[in-house]
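Below are the chains, spelled out letter by letter.
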Amino acid sequence: MRAEGEAGPEAAAEGPEEGARATGPTGSTGATGSAGSAGSAETGESPDPAAAPAGAAADTATPGAKSRRFPSVTRDTARPEGGGRAAPGDAPAPARQWPMLSVLSATAVGLLLTAMGHPRVGCLLIGVALIGAAVMRRVLPSVGMLAVRSRFTDMVTYGLLGVAITLLALVMEPQPWLRIPFLETAVRFTVR
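Summary of the structure given here. Quick caveat: nothing in here was measured; it's all calculated off a predicted structure.

Quick look at the overall build of the protein chain
Here is step 1 of the chain: When helices and strands are tallied, the protein chain shows seven helices and zero strands.
Here is step 2 of the chain: Put simply, the protein chain runs from its N terminus to its C terminus through helices and strands in the order α-α-α-α-α-α-α.
Here is step 3 of the chain: Going through the 192 residues of the protein chain one by one, you find that 29% of them count as buried.
Here is step 4 of the chain: A separation of at least 24 residues holds for 56% of the contacts in the protein chain among residues at least 6 apart in sequence.
Here is step 5 of the chain: As displayed, the protein chain offers around 12600 Å² of accessible surface, 66% of which is attributable to carbon and sulfur atoms.

Quick look at the structure:
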């Protein structure tokens, strides 16, 4: 392990992110350790050239070069695949997020129907909205805020939740629209 002041061959390949890591969280170097010599933690620059770590000199020599190394501290999260706008940037905000707004609107109508005394129809609408979200996530290249994680994870999550809610709405008592024998037996044994 090297001391903070030593520079190795990999110090020359460090980018601006690595220089920021070498100065510490307050921007101070290990040699002084005081907050008075703090520079910009984001850029890795120190106000005093003598207080700068050895790797910082290589950063100033090639300002446009970036490190190919994965940063040790992540500063931001990557946008999920397909998480871009669903409409051009000059379109109004609701038009850019129409997939998410359509799913939320259908879910809100389903909840309203459930509250008004039509639970089967309301739950069916919520389940269909989630199945529609899974289909949109698969078919559309960009779905805006409907993209939460990877395309596969979103499709599986939306699809399974939609199918489960739809099935529960279909087997809902009284007078279920769909009869599943093993489900009736399980309910009889669990709720006596």
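Some details on the pattern of salt bridges
Here is step 1 of the chain: The tally for this structure, following the rule as stated, stands at one salt bridge.
Here is step 2 of the chain: Residue aspartate 154 pairs with arginine 137 through a salt bridge whose shortest N-O separation is 2.8 Å. Of this pair, aspartate 154 sits in helix α6 (residues 151–170) while arginine 137 sits in helix α5 (residues 119–139), and the two are 17 residues apart along the sequence. Here aspartate 154 matches arginine 137 in class, with each residue buried.

Looking at α6
Given 3.6 residues per turn, any residue in an α-helix points the same way as the ones three and four places further on.
Here is step 1 of the chain: With 20 residues, α6 should cover 28 Å at 1.5 Å per step; its first-to-last C-alpha distance of 28 Å lies within 8% of that length.
Here is step 2 of the chain: Of all the positions in α6, only Arg151, Asp154, Tyr158, Gly159, Gly162, Thr166 and Ala169 are classed as buried. Seen along its axis, α6 keeps its buried residues to an arc of 115°; they face one direction. Exposed and oriented more than 90 degrees from the buried face of α6 are Phe152, Leu160 and Leu168.
Here is step 3 of the chain: On the buried face of α6, the contacting elements are α5.

Looking at the environment of leucine 113
Here is step 1 of the chain: Within the secondary structure, leucine 113 is located in helix α4 (residues 98–115).
Here is step 2 of the chain: Separated by 10 residues in sequence, leucine 113 and cysteine 123 have C-alpha atoms that sit 8.5 Å apart.
Here is step 3 of the chain: Not counting chain neighbours up to four residues away, the residues in contact with leucine 113 comprise His118, Pro119, Val121, Gly122 and Leu125.

A short note on unusual backbone geometry
Here is step 1 of the chain: Looking along the chain, the bond that leaves glutamate 173 and enters proline 174 is cis, with omega of -5°.
Here is step 2 of the chain: Counting through the fold element by element, proline 174 comes out in the loop between α6 and α7 (181–190).
Here is step 3 of the chain: The backbone phi angle of glutamine 175 is positive, close to 55°, even though this residue is not glycine.

With respect to the environment of serine 105
Here is step 1 of the chain: Counting through the fold element by element, serine 105 comes out in helix α4.
Here is step 2 of the chain: Separated by 24 residues in sequence, serine 105 and alanine 129 place their C-alpha atoms 8.8 Å apart.
Here is step 3 of the chain: Here the side chain of serine 105 touches leucine 101 through a polar contact of 2.7 Å, landing on its backbone oxygen.

Rules used throughout
Residues numbered from 1 in each chain as written. Predicted model: local features only at pLDDT ≥ 70, side-chain atom pairs only at ≥ 80, totals over all residues. Heavy atoms only, no water. Helix = DSSP H or I, 4+ residues; strand = E, 2+ residues; numbered from the N terminus. Buried < 20%, exposed > 50% of the residue type's maximum accessible area, 1.4 Å probe, protein only. Contact = heavy atoms within 4.5 Å. Areas by Shrake-Rupley, 256 points an atom, 1.4 Å probe, with all protein chains shown as cover. Salt bridge = Lys/Arg side-chain N within 4 Å of Asp/Glu carboxyl O. Expected span 1.5 Å × (residues − 1). Arc of directions from axis to C-beta. Polar contact = N/O pair within 3.5 Å; in protein donor to acceptor, adjacent residues only side chain to side chain.

Functional significance is not addressed by these values, which are geometric in nature.
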